[in-house]
Amino acid sequence: MIYLVGDLQGCCNPFERLLQTIDFSPSRDHVYVLGDLVNRGPDSLGVLRRLRELDNAATCLLGNHDLHLLAVAHGVRKPHRSDTLDEILHAPDREDWLNWIRQRRLAVHAHGWLMVHAGVVPQWDAAQTVALAAEVEAMLAGPDVGEFLTRMYGNEPDKWREGLQGVPRWRCVVNSLTRLRFCSVDGTMEFATKEGAGGAPEGFMPWFEVPGRRTAGTPVAFGHWSTLGLINRDDLLSLDTGCVWGGQLTAVRVDGATRELIQIDCPQAQKPGKS
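Residues numbered from 1 in each chain as written. Predicted model: local features only at pLDDT ≥ 70, side-chain atom pairs only at ≥ 80, totals over all residues. Heavy atoms only, no water.

Caption draft 1: Inspection of the nonpolar core at higher detail. Formed by 82 residues in total, the largest nonpolar core has its most connected members in Leu18, Leu51, Leu140, Trp207 and Leu249. Leave out the neighbours within four places in its chain, and Leu18 touches Val5, Leu249, Ala251, Ile262 and Ile264. Ile2, Ala110, Met115 and Leu237 belong to the second-largest nonpolar core, a separate cluster that totals 14 residues. (Core = buried A, V, L, I, M, F, W, Y, C linked by side-chain atoms within 4.5 Å. Buried < 20%, exposed > 50% of the residue type's maximum accessible area, 1.4 Å probe, protein only. Contact = heavy atoms within 4.5 Å.)

Caption draft 2: Molecular detail of the packing of aromatic side chains. Taken as a whole, this structure holds 7 aromatic pairs when the rule is applied. Taken together, a centroid distance of 5.5 Å and an interplanar angle of 80° make the contact between Trp124 and Trp160 edge-to-face. A residue pair is termed long-range when its members are at least 10 positions apart, and Trp124 in the loop between strand S5 (113–116) and helix H6 (126–141) and Trp160 in the loop between helix H7 (145–152) and helix H8 (166–179) qualify at 36 residues. With respect to class, Trp124 is no different from Trp160; both count as buried. Each ring, one from Phe182 and one from Trp225, has its centre 5.0 Å from the other, and the planes form 80°; the classification is edge-to-face. Placement of the pair is Phe182 in strand S6 (residues 182–183) and Trp225 in the loop between strand S9 (220–222) and strand S10 (231–233), with a sequence separation of 43 residues. The structure contains a cluster of three or more aromatic residues connected by ring pairs, namely Phe182, Trp207, Phe208, Phe222 and Trp225. Here Arg52 stacks its cationic end above the ring of Trp97, 5.0 Å away from the centre of that ring. (Phe/Tyr/Trp six-rings, centres within 6.5 Å; stacked < 30°, edge-to-face > 60°. Helix = DSSP H or I, 4+ residues; strand = E, 2+ residues; numbered from the N terminus. Lys NZ or Arg CZ within 6 Å of the ring centre and 35° of its normal.)

Caption draft 3: Inspection of unusual backbone geometry at higher detail. Cis geometry marks the peptide bond from Glu156 to Pro157, where omega comes out at 0°. Of note in this structure, Asp23 is not a glycine but carries a positive phi near 55°. Of note, Asp23 is situated in the loop between helix H1 (12–21) and strand S2 (30–33). Even without a glycine there, the phi angle at His111 is positive, about 55°. Inspection of the secondary structure assignment puts His111 in the loop between strand S4 (107–110) and S5. Here His111 falls in the partly exposed class, since its relative accessible area comes to 47%.

Caption draft 4: Broad picture of the packing of H6 against H7. In the contact formed by H6 and H7, the axes pass within 7 Å of each other and the chain directions differ by 125°. The angle between the axes of H6 and H7 places the two elements in the oblique class. Note on element contacts: H7 touches H6 through Val145, Phe148 and Leu149, opposite Val136, Met139 and Leu140. Residue composition of the contact of H6 with H7, by class: 6 nonpolar, no polar and no charged. (Axes fitted to C-alpha atoms, helices over the stretch in contact; angles between N-to-C directions. Parallel < 35°, antiparallel > 145°, perpendicular 65-115°, else oblique. Nonpolar A, V, L, I, M, F, W, Y, C, P; charged D, E, K, R; others polar.)

Caption draft 5: Layout of the sheet that holds S5. Pairing in this open sheet of 5 strands is mixed, and the strands run S4-S5-S9-S11-S10 from one edge to the other. One side of each edge strand has no neighbouring strand; the edge strands of this open sheet are S4 and S10. Each neighbouring strand pair of the sheet contributes to a mean axis angle of 15°, computed without reference to strand direction. Bridge analysis of S4 against S5 gives 4 bridges, and the strand direction is antiparallel. Bridge assignment links Ala110 to a residue of S5, and that residue is Trp113. Seen against the sheet, H6 touches S4 and S5 and runs at an angle of roughly 140° to S4. (Pairing = 2+ DSSP bridges.)

Caption draft 6: Examining the pattern of salt bridges more closely. In total, this model carries 10 salt bridges according to the counting rule given. Between Glu53 and Arg50 there is a salt bridge, with the nearest N and O atoms lying 3.1 Å from each other. One end of the pair, Glu53, and the other, Arg50, are both in helix H2 (residues 44–54), 3 residues apart, so they sit about a helical turn from each other. Of the residues examined, Glu53 reaches a relative accessible area of 56% and is grouped as exposed. The partner of Asp186 in a salt bridge is Lys159, with the nearest N and O atoms 3.3 Å apart. A residue pair is termed long-range when its members are at least 10 positions apart, and Asp186 in the loop between S6 and strand S7 (189–190) and Lys159 in the loop between H7 and H8 qualify at 27 residues. (Salt bridge = Lys/Arg side-chain N within 4 Å of Asp/Glu carboxyl O.)

Caption draft 7: Highlighting the layout of surface pockets. Here the largest pocket is characterised by a volume of approximately 840 Å³. As for the largest pocket, its lining consists of 32 residues, and the residues nearest its centre are Arg40, Asn64, His65, Arg181 and Lys194. Looking at the lining of the largest pocket, the elements with two or more residues in it are helix H3 (64–73) and H8. Residues that form the lining of the largest pocket fall into these classes: 8 nonpolar, 14 polar and 10 charged. (1 Å grid on protein atoms, 1.4 Å probe; cavity = no way out; pocket = protein on both sides within 12 Å on 5 of 7 lines; lining within 4 Å. Points joined across faces, edges and corners; volume = space filled by probe spheres on them.)

Dropping the structure here:
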């Protein structure tokens, strides 16, 4: 059985209850976790341990909070007040955990679904999305990860162009796959707005509503956008339902003739609006 799961964000207990609810068996089942494995929840290290225990039965994507952990660990960013990463950062085997995280994927196309953490700019189809993700994955897993992280953050370029090379190219890929919510018809990305779909700034729209986007013929699953909430369409799954904010942890079984939705109620670990 194949399950797609929204943002965990260090909420290990709800994840464990989810696995028990679906009677998850690593020898039979596979779970795809759509990024933001860690941070803001109470047990980020516990989440990593549980995912690593699942071994080849779990595929984990990287989200913005996972990249933030790597950046903090490399001294590129300062911790935020709401971070809950100390248990990882101060663990005696922290380097093992950081190395494990930086070898995770940014995009996967499997079982008929293109899976990312945040979004896909309209110029990319599924194959290009996975190929561009692989370029950044190689940088994160490589020996120059620290240097890459120092140059990874920034809002420019805010639009994909085929001629982009080097760090601007990879930064654009990171921003699309781990930060994107709204963009314009021409693919210009907007990063300031965190409201739901109805809060789109003038001239922008949810990335999945852009006319003519090249992933329109491919079912896409993503997390990242808790204020958007659950979308459960044949061609689109939005699965960040605010577990860390006291919402729910959501999984969808996507194999078989009938789609199955599973949701676990979660205790509130962070108050919305806390920075």
